[in-house]
Amino acid sequence: MTHEAPPSPSTALRPALPSPLQETGDERFTSRGLRLLLKRDDLIHPDIPGNKWRKLTPNLEAAAGRPVLTFGGAYSNHLRAVAAAGRLLGFDTIGVVRGDELAGRPLNPSLAQCAADGMRLHFTDRAAYRAKRDPVVLARILREATGDSTPDDVYVVPEGGSNAPAVLGCADLGRELSPETGGAGSGAHVVGVACGTGGTLAGLAAGLPRGRRAIGFPVLRGGFLGEEIRALQRAAFGGPAGDWSLDERFHFGGYARTPPELDAFAADFEQRHGLAVERLYVAKMLYGLTALAEEGAFPAGASVTAVITGRPAP
Ligand SMILES: *Cc1c(COP(=O)(O)O)cnc(C)c1O
């Protein structure tokens, strides 16, 4: 009898990596002597797109087949990605969803997709959800969601999937943007990324070659994200890593707010460049980069790379 090691999650999921880097010729940039490139992380995997693939696979490696429990809101891209990975790789998934008022109601399309992929959904009240980093609260949520499991029986991935392994996974995104690996030419170079938890930015900035910098566009209001990103970098790298900053002006009112002006911008971008623009994150980042170009924030000759972190929800 032979014992073959099972393929690692990152191999078994057959990602298309490195993701393509596309020139746009966008005249709002070219007229100022700039290039706008799109890093198409949305094309990495049909069911686990973008930064979710980069953040999740190192965690699945660590989970080693144990059930994975994670957290998200009712429209969470992260929950859908975890559920899809569980279906494709054959491990159990438990999704703790914010808002116990949702229990017993018909599932929205995003949660219905999670359930169809075999995820067990557990709705929790907002106070417990907020306090989920407290070990006592987490132990209680675990008991309620899984019956008699102890913290050792399940692998817990934090909300949005951002922890040290995820940040290390996202460093590959930065490495793919170095000139040696086919990244955008030489010279001044800026990379824009939308931020929820900031895990993607934390890793991206660390992986970028010297002389390149990352700009994060938070989609939530609050101004707390810089400290979270520093904490994620301490956990992953032991200290600060890479050149990054945040531009907090483009949240458009907060998470899941998509006012008409943003929607019109995104629809126009789709027309110009022929890709579907995800509205909650990607549209805000593209709007921010375009506004910065128009403000003269980038020197002529610079390349601006926009990371397309995901696709519109089903
Ligand atoms: C989850 C998500 C993000 C946010 O990533 P963080 O690492 O949490 O900052 C950005 N874009 C898309 C499309 C996402 O689904």
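Residues numbered from 1 in each chain as written. Predicted model: local features only at pLDDT ≥ 70, side-chain atom pairs only at ≥ 80, totals over all residues. Heavy atoms only, no water.

Student: I tried to follow the overall build of the protein on my own but got confused; where do I start?
Tutor: The helix and strand tally for the protein stands at 12 helices and 10 strands. By the compact-globule yardstick of 20 Å for 314 residues, the protein fits well, its C-alpha radius of gyration being 20 Å. Its C-alpha atoms give the protein principal-axis dimensions of roughly 60 × 50 × 35 Å. Put simply, the protein has 314 residues, and 52% of those count as buried. The long-range fraction of contacts in the protein, counting pairs at least 24 apart against all pairs at least 6 apart in sequence, stands at 73%. On the protein, roughly 13,900 Å² of surface is accessible, and the fraction owed to carbon and sulfur atoms is 52%. A gap of 2 Å separates the mean positions of the 34 positive and 34 negative side-chain charges of the protein. (Helix = DSSP H or I, 4+ residues; strand = E, 2+ residues; numbered from the N terminus. Rg over C-alpha atoms; globule rule 2.2 N^0.38 Å. Buried < 20%, exposed > 50% of the residue type's maximum accessible area, 1.4 Å probe, protein only. Contact = heavy atoms within 4.5 Å. Areas by Shrake-Rupley, 256 points an atom, 1.4 Å probe, with all protein chains shown as cover. Lys, Arg positive; Asp, Glu negative; His and termini not counted. Charge placed at Lys NZ, Arg CZ, Asp CG, Glu CD.)

Student: Got a minute to help me understand the sheet that holds strand E9 (residues 244-246) in this structure?
Tutor: By definition, the strands of a sheet pair up through backbone hydrogen bonds, in either a parallel or an antiparallel sense. Spatially, the 6 strands line up as an open sheet ordered E1-E2-E10-E7-E8-E9, and their pairing is mixed. Here the strands that pair on one side only, and so sit at the sheet edges, are strand E1 (21-23) and E9. Adjacent strand axes in the sheet meet at a mean angle of 25°, parallel and antiparallel pairs treated alike. Strand contacts of helix H12 (residues 282-294): strand E2 (35-39), strand E7 (189-195), strand E8 (212-218) and strand E10 (303-307), with the helix running at about 165° to E10, the strand carrying the most contacts. (Pairing = 2+ DSSP bridges. Axes fitted to C-alpha atoms, helices over the stretch in contact; angles between N-to-C directions.)

Student: How do you make sense of the pairing of strand E4 (residues 93-98) when you look at a structure like this?
Tutor: On a regular strand, one side chain projects to one face of the sheet and the next to the other, so that they alternate. Where burial is concerned, most of E4 is hidden: 5 out of the 6 residues are buried. Relative to E4, strand E3 (residues 68-72) runs parallel, the two sharing 5 bridges. Among the inter-strand pairings, Gly 72 is bridged to a residue of E4, identified as Val 97. Examined bridge by bridge, E4 and strand E5 (residues 120-124) share 5 bridges and lie parallel to one another. Of the residues in E5, the one forming a bridge with Val 96 is His 122. Traced from E4 through helix H5 (residues 109-116) to E5, the parallel crossover comes out right-handed. (Right-handed = clockwise from strand over helix to strand, strands pointing away.)

Student: Whenever I open this one, the domain arrangement of the protein confuses me. Can you help?
Tutor: One widely used convention gives an interface's size as the accessible area the parts lose upon coming together. Domain annotation for the protein reports domain 1 (10-50 + 163-307) and domain 2 (67-153). Relative to domain 2, the C-alpha centre of domain 1 lies at a distance of 28 Å. Listed by partner, the interface residues are 8 residues for domain 1 and 8 residues for domain 2. The largest per-residue losses of area from domain 1 upon contact with domain 2 belong to Leu 13, Asp 47 and Ile 48, which jointly make up 57% of the total buried on that side. (Domains from an automatic or database assignment. Buried area = accessible area lost by both parts, 1.4 Å probe.)

Student: Sorry if this is basic, but what is going on with the pairing of E7 here?
Tutor: Within E7, 7 of the 7 residues are buried, leaving the element largely enclosed by the surrounding structure. Of the two faces of E7, both are covered, the one formed by His 189, Val 191, Val 193 and Cys 195 as well as the one formed by Val 190, Gly 192 and Ala 194. Handedness of the E7-helix H9 (residues 199-207)-E8 crossover: right-handed. Here 4 bridges tie E7 to E10, and the two strands are oriented parallel to one another. Among the inter-strand pairings, Val 190 is bridged to a residue of E10, identified as Val 304.

Student: Looking at this structure, how should I read the site of the ligand?
Tutor: The environment of the ligand is formed by 16 residues, the closest being Lys 52, Lys 55, Thr 197, Thr 200 and Thr 309. Asn 51 places a side-chain nitrogen or oxygen 2.9 Å from an oxygen atom of the ligand. Within the side chain of Thr 197, an N or O atom sits 2.6 Å from an oxygen atom of the ligand. With the chains in place, 97% of the 390 Å² that the ligand exposes on its own is no longer accessible. Counting only elements with at least two residues in the shell around the ligand, the list comes to helix H3 (50-63), E7 and H9. Among the elements that take part in the shell around the ligand, H3 stands out by supplying 3 residues, more than any other. By residue class, the composition of the shell around the ligand is 3 nonpolar, 10 polar and 3 charged. (Near = heavy atom within 4 Å. Polar contact = N/O pair within 3.5 Å; in protein donor to acceptor, adjacent residues only side chain to side chain. Nonpolar A, V, L, I, M, F, W, Y, C, P; charged D, E, K, R; others polar.)

Student: How should I be thinking about empty space enclosed by the protein in this particular structure?
Tutor: Unfilled space is identified by rolling a water-sized probe across the atoms. Scanning the entire structure with this criterion turns up 1 cavity of 30 Å³ or more. Approximately 40 Å³ is the volume attributed to the largest cavity. What lines the largest cavity is simply Cys 195, Gly 196, Pro 218, Val 219, Leu 220, Arg 221, Gly 222, Gly 223, Phe 224, Leu 225 and Glu 248. A breakdown of the residues in the lining of the largest cavity according to their chemical character gives 6 nonpolar, 3 polar and 2 charged. (1 Å grid on protein atoms, 1.4 Å probe; cavity = no way out; pocket = protein on both sides within 12 Å on 5 of 7 lines; lining within 4 Å. Points joined across faces, edges and corners; volume = space filled by probe spheres on them.)

Student: How should I be thinking about a nonpolar patch on the surface in this particular structure?
Tutor: There is a patch of nonpolar side chains on the surface, built from Leu 220, Phe 224 and Tyr 255 and spanning about 250 Å² of accessible area. Structurally, Leu 220 can be placed in the loop between E8 and helix H10 (225-237). Assessed through its relative accessible area of 31%, Leu 220 is described here as partly exposed. (Patch = residues over 30% accessible without salt bridge, like charges linked within 9 Å, V, L, I, M, F, W, Y side chains within 5 Å. Salt bridge = Lys/Arg side-chain N within 4 Å of Asp/Glu carboxyl O.)

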